[in-house]
Amino acid sequence: MSFKIAIDGPAATGKSTTAKRLSRKLSFIYIDTGAMYRAMGLYFIENNISYEDEETINQVCDDIDIDIYYEDDEQHIKLNGRDVTKLIRTEEVSKYASVTSSYLKVREKLVALQRKLAEKNNVIMDGRDIGTVVLPNAELKVFLTATSEERARRRYEELLKKGQDVTLESVSHDLEERDHRDSTRANSPLRQADDAILIDTTNLSVDEVVEKIEELYNEKRGK
Ligand code: CDP
């Protein structure tokens, strides 16, 4: 039987770095669900569809094909056959992903894809609704948090390294806005599942978080 690990939490808590590293240690498949919402967001940007235009977004959802594949152990994301892995890591795409991920049609499409990918494999999946909606029967659920100052600092440094022209203030503002939207929306809001284990990563290194989750995994597997 396959084992599923769900990692949820607000933006820039280290979900994807942690999940990626852990997936290598455990030889699990890593699935970054945020990348899928981001790729959908990129499609709307490139096709000049406003993020507020839910009606048009609902209509074009069926024209969008999202797929993932792995190269050198890294998840790549394809939007209608084109690799958009690098293009989706901008603040504009973050905003589009956050607003349009509240639309039911977008969520239905991506949740179905995520469940299908997890069907037969040992997976670590990260996002906002993995433990609550996508994989409610996951054997291990973790909810990562960190203070908003620390999260803003991490995301700011990440974007600077990628050569993007951002300020700490603008990053901090975007994160706050997005977290608020993600946790107050009607459809699948960001919420800690009742059976998820909370880890505050503010003062922990990625390796320390990976170790903690690995310990939890070993405990669960030993049962
Ligand atoms: O990396 P970061 O935490 O900043 O964001 P992400 O995981 O790439 O997700 C981008 C946006 O997609 C989030 O702000 C959410 O609005 C949305 N999302 C979602 O609604 N459900 C998921 N399972 C994953 C992401």
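The preceding data block contains the structure.
Just so it is clear, the model here is predicted, and its values are computed rather than measured. Each chain carries its own residue numbering, running from 1 in the direction its sequence is written. Thresholds applied to this predicted model are a pLDDT of at least 70 for local features of residues and 80 or more for the giving and counting of side-chain atom pairs; totals over whole chains, interfaces and linings are not thresholded and use all residues. Based on all heavy atoms of the structure, the side-chain values leave hydrogens and waters out of the count.

Tell me about the site of the ligand, residues and numbers included.
We call a residue near a molecule or strand when any one of its heavy atoms sits within 4 Å of it. Taken together, 20 residues are adjacent to the ligand, and Arg38, Arg107, Arg155, Arg178 and Asp182 come closest. Within the side chain of Thr33, an N or O atom sits 3.0 Å from a nitrogen atom of the ligand. In the model, an oxygen atom of the ligand is placed 2.9 Å from a nitrogen or oxygen of the Arg185 side chain. Here the Shrake-Rupley method, with its probe set to 1.4 Å, supplies the accessible areas, and only the displayed protein chains count as covering residues. Look at the ligand: alone it shows 530 Å² of surface, and the protein chains cover 97% of it. Each residue receives one of three labels: charged for Asp, Glu, Lys and Arg, nonpolar for Ala, Val, Leu, Ile, Met, Phe, Trp, Tyr, Cys and Pro, and polar for the others, Gly being one of them. In terms of residue class, the shell around the ligand is made up of 5 nonpolar, 5 polar and 10 charged. We define a polar contact as two N or O atoms separated by no more than 3.5 Å, with the added condition that, inside protein, one atom must be a possible hydrogen donor and the other a possible acceptor, whereas residues neighbouring each other in sequence contribute only through side-chain atom pairs.

Describe the nonpolar core, with residues and values.
Buried Ala, Val, Leu, Ile, Met, Phe, Trp, Tyr and Cys residues form a nonpolar core when they are joined through side-chain atoms within 4.5 Å. Only protein chains enter the area calculation, which uses a 1.4 Å probe; residues under 20% of their type maximum are buried, those over 50% are exposed, and those in between are partly exposed. Counting 37 residues, the largest nonpolar core has Met40, Phe44, Ile64, Ile66, Ile77, Val106 and Leu135 as the members making the most contacts within it. Segments assigned H or I by DSSP are reported as helices when at least four residues long, segments assigned E as strands when at least two residues long, and all are numbered from the N terminus. Of all the secondary structure elements, the ones that give two or more residues to this core are helix H2 (33-46), helix H3 (54-60), strand E3 (66-71), strand E4 (74-79), helix H4 (91-100), helix H5 (104-118), strand E6 (123-127) and helix H6 (130-134). Ranked by residue count, the leading element in this core is H2, at 9 residues. By size, the runner-up hydrophobic cluster in this structure holds 18 residues, among which are Leu26, Leu144, Val209 and Leu216.

How would you sum up unusual backbone geometry? Please name residues and give values.
Positive phi, close to 75 degrees, is recorded for Asp73, a residue that is not glycine. Looking at the element boundaries, Asp73 is found in the loop between E3 and E4. Given the relative accessible area of 53%, Asp73 is considered exposed. Despite not being glycine, Asn80 shows a phi value in the positive range, around 45 degrees. By the secondary structure assignment, Asn80 is in the loop between E4 and strand E5 (82-83).

Tell me about helix H8 (residues 168-184), and please be specific about residues and values.
Between the first and last C-alpha of H8 there are 24 Å, a value that for 17 residues agrees with the 24 Å anticipated at 1.5 Å per step. Buried residues of H8: Val171, Leu175, Arg178, Asp179 and Asp182, and no others. In an axial view of H8, the angular spread of the buried residues amounts to 100 degrees, which keeps them on one side of the axis. Projecting away from the buried face of H8 at angles above 90 degrees are the exposed residues Glu169, Glu176, His180 and Thr184. Two residues form a contact once any of their heavy atoms are found within 4.5 Å. Of the surrounding secondary structure, the elements contacted by the buried residues of H8 are H2, H4 and helix H7 (148-161). The span one expects for a helix is its residue count, reduced by one, times 1.5 Å. Throughout, the arc means the angular range of directions from the helix axis out to the C-beta atoms.

Which residues make up H4, and what are the values?
Within H4, 8 of the 10 residues are buried, which leaves the element mostly enclosed by the surrounding structure. Within the span of H4, buried status applies to Glu91, Val93, Ser94, Tyr96, Ala97, Ser98, Val99 and Thr100. Against the buried residues of H4 lie H2, H3, H5, H7 and H8.

Account for the sheet that holds E6, with residues named and values stated.
The pairing criterion for strands is at least two bridges between them, as found by DSSP. With respect to topology, 5 strands assemble into an open sheet ordered E2-E6-E1-E7-E8, the strand pairing being parallel. Both outer strands of the open sheet, strand E2 (29-32) and strand E8 (197-200), are each paired with one neighbouring strand and no more. Each adjacent strand pair in this sheet contributes to an overall mean axis angle of 20 degrees, direction not counted. Here strand E7 (residues 140-145) runs beside E8; their pairing, made up of 4 bridges, is parallel. Counted as the bridge partner of Phe143 is Leu198 from E8. Only C-alpha atoms enter the line fits that serve as axes; for helices the fit covers just the stretch in contact. Angles between N-to-C directions range over 0 to 180 degrees. Each of strand E1 (4-8), E2 and E6 touches H5; the most contacted strand, E6, lies at about 160 degrees to it. Running over the sheet, helix H9 (residues 206-222) touches E1, E7 and E8 and is turned about 160 degrees from E7.

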